[in-house]
Each structure stands twice: as structure tokens, then as C-alpha cells.
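A look at the structure
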Amino acid sequence: MASLNPTSTLERPPDRLLKTFKIAQIGNDTVRTYLRRGFSLAICCRDCPRLIEWTPPELERRFGDRLDLRIADLAERLSCAGAGGCGAKDVAVFPHLYDLPWRWSPPSGDV
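Turning next to the nonpolar core. By size, the foremost hydrophobic cluster in this structure holds 27 residues, and its most contacted members are V31, L41, W54, L59 and V93. Mapped by element, the contributors of at least two residues to this core are helix 2 (31–37), strand 1 (39–45), helix 3 (56–63), helix 4 (71–77) and strand 3 (91–97). If near-sequence neighbours (up to four positions away) are discounted, V93 is found in contact with F21, I26, L41, A42, I43, I71, A75 and L78.

Attention now moves to the pattern of salt bridges. Under the defined criterion, the tally for this structure stands at 7 salt bridges. Across the pair E58 and R62 runs a salt bridge whose closest N-O atoms are separated by 2.6 Å. In this pair, E58 and R62 are both assigned in helix 3, 4 residues apart and thus about one turn of the helix distant. As a salt-bridge pair, D73 and R70 come within 3.0 Å of each other at their nearest N and O atoms. Overall, D73 belongs to the partly exposed group, its relative accessible area being 30%. Take R70: its relative accessible area is 29%, and that puts it in the partly exposed class. Connected through salt bridges with shared partners, the residues E58, R61 and R62 form a single ionic network.

What follows deals with the sheet that holds strand 2 (residues 51–54). Across the sheet, which stays open at both edges, the 3 strands sit in the order 2-1-3 with antiparallel pairing between neighbours. Pairing within the sheet leaves two strands with one partner each, and these edge strands are strand 2 and strand 3. Ignoring strand direction, the axes of neighbouring strands in this sheet form an average angle of 25°. For strand 1 and strand 3, the ladder comprises 7 bridges, and the chain directions are antiparallel. By the bridge assignment, C44 is partnered in strand 3 with A92. Sheet strands in contact with helix 3 are strand 1 and strand 2, and its direction is about 75° off that of strand 2.

Within a regular strand, side chains alternate between the sheet's two faces. In terms of burial, strand 1 is a largely internal element, 7 of the 7 residues being buried. Neither face of strand 1 is open: one carries F39, L41, I43 and C45, the other S40, A42 and C44, and all of them are buried. As judged from the 4 bridges shared by strand 1 and strand 2, these two strands associate in the antiparallel manner. Residue pairing in the sheet places A42 in a bridge with E53 of strand 2. Between strand 1 and the antiparallel strand that follows it, strand 2, lie 5 residues.

Attention now moves to the side chain of T30. Here T30 lies in the loop between helix 1 (15–20) and helix 2. With residues up to four places along the chain from it excluded, the contact list for T30 reads L67, D68, L69, R70 and I71.

Each value, and the rule that gives it
Residues numbered from 1 in each chain as written. Predicted model: local features only at pLDDT ≥ 70, side-chain atom pairs only at ≥ 80, totals over all residues. Heavy atoms only, no water. Core = buried A, V, L, I, M, F, W, Y, C linked by side-chain atoms within 4.5 Å. Buried < 20%, exposed > 50% of the residue type's maximum accessible area, 1.4 Å probe, protein only. Helix = DSSP H or I, 4+ residues; strand = E, 2+ residues; numbered from the N terminus. Contact = heavy atoms within 4.5 Å. Salt bridge = Lys/Arg side-chain N within 4 Å of Asp/Glu carboxyl O. Pairing = 2+ DSSP bridges. Axes fitted to C-alpha atoms, helices over the stretch in contact; angles between N-to-C directions.

This is the structure we're talking about:
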């Protein structure tokens, strides 16, 4: 059966990039920045093969009232928890252009 939604093109980065990842590389991007650009947040455990994608609709749902939350601040609190997680607290994050057509409608008054 064919899927109505294409599968994500998100792939795990090479190990050499994961080993050198530093939170400072993220800069000052915020949830709002990712929504405006149509980026998903890719969350990659550095201790196991787990890779998760929080799509723009998911980011909006989770952080709609905290759009100015810096991705770097969020990343510092993430861990490889929940079903299928190894429990590690060492994750790398990066933007991934969302694969489905999507356009963010900012809250009124948002420029």
C-alpha cells in the first residue's frame, strides 16, 4: 500500500560529524527561525543509532507559546529517552528541510 505522505529524506550524519558536534554550532536559531524556514529539528543520539525528526507542525504544537526558545537551549535539555531510547543525554541536533509542503502562519502581530 502506498503512503499518502512521502517518507522523510532525513539521514543520520556520519559518525565523524556527530563526534565533533558542539551546541555552539547551532547559534541563536529559535523555534520561530525553524518554523519560518520550514525546518524540522533532527535529534540524533551520539551513543546509539536513534534519530528523531520533530517536523515543523510538531515544533509548532510543542512550542507554539515559546517561539523564541533557542534551539541550543532546547538541545541542552534533550536526551535519548522514551520508547526505543538508550537513556543517553548526549545528543546532536541540526535543521532538516521538511519534506512535505508546509507554510507557517505566524500568530497575528508576528513579523
